Amino acid sequence: MLALLTRDLRLATRAGGGFGLGVAFFLILCTLVPFGVGADTSALRPIAPGILWLGALLACLLSLDRIFALDHEDGSLDLLATAPLPLEGTVAIKALAHWITTGLPLIAAAPLFGLLLHLPAEAMPWLVISLLIGTPALSMLGAFGAAITVGLRRGGLLLSLLVLPLYIPTLIFGTELIRRAVASGDPTTPLVFLAGITAGVVALIPFAAAAALRVNLR
Amino acid sequence: MSLLAVHDLAVSRGGLRAVEGVSFTLNAGEALILRGPNGVGKTTLLRTIAGLQPATAGLIEMAEDAVAYAAHADGLKGALTVAENLRFWAQIFGGEVGAALAAMDLEALADRPAASLSAGQKRRTGLARLLVTGRPLWVLDEPTVSLDAASVARFGAVLRGHLAGGGAALMATHIDLGLEGARELDLTPYRARPGRAEKPAGFNEAFG
Amino acid sequence: MIDLGKYAGTVLAAYGISVLLLVGLVWHSIAANTRARRALEKQEGRKDA
Amino acid sequence: MSIWEYANPVKFMRTSGAILPFAVAGAVVCTVGGVVWGFLTPDDFRQGSTVKIVFLHVPAAMMAINIWVMMLVASLIWLIRRHHVSALAAKAAAPIGAVMTLIALATGAIWGQPMWGTWWEWDPRLTSFLILLLFYLGYIALWASVEDVDSAADLTGVLCLVGSVFALLSRYAVLFWNQGLHQGASLSVQSGERMSAIYRYPLYLSMLGFLLLFVALVLIRTRTEIRRRRLAALQAREMRA
């Protein structure tokens, strides 16, 4: 299991692995937003949490098809399926690797980009906390979408269409957490829901994703 | 004792049975070569025994985690070196890398990234993975594709060593690997007859 | 004709769009079914011949 | 004989062929009757003539949800019992559900324009239906994208399962996100302000009509799918021979 994780991380950081592309995309998005909505603090501040969450979500989406597609092309997926690892475990590890290579850099960069968008200082820790709790669910749901579309030639667009609706609850509770924390100082309810969704997704989605992978392997 | 026993197996592709009623056993030290024209279902049968797709009917008896599967794709990562590629599979399966590198004459290439290898060298790395798995039953689908004569001979020797060490091999190949006493099984007579089956293999049979 | 009052446009638009969508769906269902039946009859006819 | 006999394609074609004329007749009578009757109802003292939109909006919204539930049940039957017709019925139902969702959304938006003063309001119910539409579209797109029908049936089945959970989850998330302007369910018995009979009966008829319309359409579309599968099977056998 650990071997698979280190291999995926190593592949992501080597040439052609696409590590850091997500953060670059995130930066571009945050740069473009003021051009679209105006640079006034009064315009940026209220939408900053939403933009940051959307940016993280889209940056995460960009790299989803890599989770299984490359391994499927070169035959590694067949070999992993015959390995003494349960396929559910393989799915979970690959989603974890995706989160470490995409989600964590985004979380680290988010406060910085928050400054660009005039996110109030008191919202910063909540931004990081909400992303930290919410993004694992994004990676895991993305792995499910990637497992469903792995055999398809033009799977990228379909992957977005399938996965984005699944992101809605996480997005809602993630941004609501920041909003309520700043407005009233009590983000308990969205925090609990966000954590609940992530826990449920991490516990159950590997089974659905592994089932989809088995269908696509045969 | 037998490593693999197949009873009355039917496998299907594209929602239709390809072959049915296939039975054989494979004991330690034995090799079985599948024959038959293109499209008869050799690959499908091998994938089914490797556990990559469900059998449509019949029974496959073997120990858990006994199969090492090698097919057209080698499962190599171009960004990793040959040794790193093999080491990964060694960690997954719990095997040994050094001997495998030596056996397939890959020691000189061990630190080269897999992306820079020729097709034949990639193939050799892919086959070295079989040794790394330490599994007794090798399921091989055209293992000698893109190998030159010397490499074929080398792989033949590796395969004989595997059989002598109590392993077994089930393969589809057109090339003589110099395996003495290897049995052959022609799948042509087992080609599935169209018609209604009790349990349809897929939509094409359910609506045929 | 009944008098729809000041909301005439609203009500007619709602009915218009709904009827359009429903008719489109029904038409598509029937057309696809006819096409499938013809194609199947052609195939089965060829088999018998 | 068990109920599963009807999942056999030949049997399904025979049975559905016998039911179909009645379903079509019932659907036409009840839908046209309900909608026309609804159109002829007197104006509401608050909503004016826009109250007539209810006879389209409510049945469509009801069917939009029920059709997804039917797809979920059909998907479960396929995944558990492997009855091929069940998977095809789920596929056949999806476009009907998408159109019903679209009607509910369109009529809701048109009704909201004079009532709320805006074409679109991010009201929890409207938002939930928009999300439901996304799930329908994803499901339909997946069926259309996967060439191998056996894989497509399994993958869409799994997607329907996961999608159902997330559609429900989204519903509660949206409620949490925005408490809306939308009216409560108009027909609920416990609500004090119950809809008066002149509106209630045409609405019942219209709902029955939409239900029968769905039954008729899903039968037709399932028959279409069966014929397509039959054709593909014959061609596949020809290729193999």
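Residues numbered from 1 in each chain as written. Chains lettered and ligands numbered in written order. Predicted model: local features only at pLDDT ≥ 70, side-chain atom pairs only at ≥ 80, totals over all residues. Heavy atoms only, no water.

Under an unreviewed UniProt entry, chain D has the name Heme exporter protein C and belongs to Paracoccus caeni. In its Function (unreviewed entry) section, the UniProt record describing chain D reads: "Required for the export of heme to the periplasm for the biogenesis of c-type cytochromes." If you open the UniProt record of chain D and go to Sequence similarities (unreviewed entry), you find "Belongs to the CcmC/CycZ/HelC family." (UniProt positions renumbered as here; feature names shortened; annotations may be inferred.)

With an unreviewed UniProt entry as reference, chain A is termed Heme exporter protein B, source organism Paracoccus caeni. According to the UniProt record, the Subcellular location (unreviewed entry) comment for chain A reads "Cell inner membrane". Under the heading Function (unreviewed entry), UniProt records this for chain A: "Required for the export of heme to the periplasm for the biogenesis of c-type cytochromes."

Quick word on the interface of chain D and chain C
If you look at the interface, chain D gives 39 residues, while chain C gives 29 residues. Among the residues chain D hides against chain C, the three largest losses belong to F39, I110 and R227 of chain D. Together they make up 20% of the total. The salt bridge involving E44 of chain C is made with R230 of chain D; its shortest N-O contact spans 3.2 Å. Our enumeration of links across chain D and chain C arrives at seven residue pairs in polar contact (both at pLDDT 80 or more). Contributions of two or more residues to the side of chain D that touches chain C are made by α1 (9-39), α2 (54-81), α3 (84-116) and α6 (197-240) of chain D. If one sorts the elements of the side of chain D that touches chain C by residue count, α6 of chain D sits on top with 14 residues. (Contact = heavy atoms within 4.5 Å. Buried area = accessible area lost by both parts, 1.4 Å probe. Salt bridge = Lys/Arg side-chain N within 4 Å of Asp/Glu carboxyl O. Polar contact = N/O pair within 3.5 Å; in protein donor to acceptor, adjacent residues only side chain to side chain. Helix = DSSP H or I, 4+ residues; strand = E, 2+ residues; numbered from the N terminus.)

Description of the arrangement of the chains
Out of four pairs of chains that touch, the pair holding the most contacts is chains C and D. Contact between chain A and chain C is absent, and the minimum C-alpha spacing across the pair is 23 Å. Kept free of each other, chain B and chain C leave a smallest C-alpha distance of 11 Å between them.

Let's talk about the UniProt feature "transmembrane region" (unreviewed entry) in chain D
Residue and element names in this part refer to chain D. Using the residue numbers shown here, the UniProt feature "transmembrane region" (unreviewed entry) corresponds to residues 20-40, 60-80, 92-114, 126-146, 158-178 and 198-220. What you have in residues 92-114 is 100% helix and 0% strand, and the ends, taken at the C-alpha atoms, are 36 Å apart. With 100% helix and 0% strand, the stretch residues 198-220 has end C-alpha atoms that lie 34 Å from each other.

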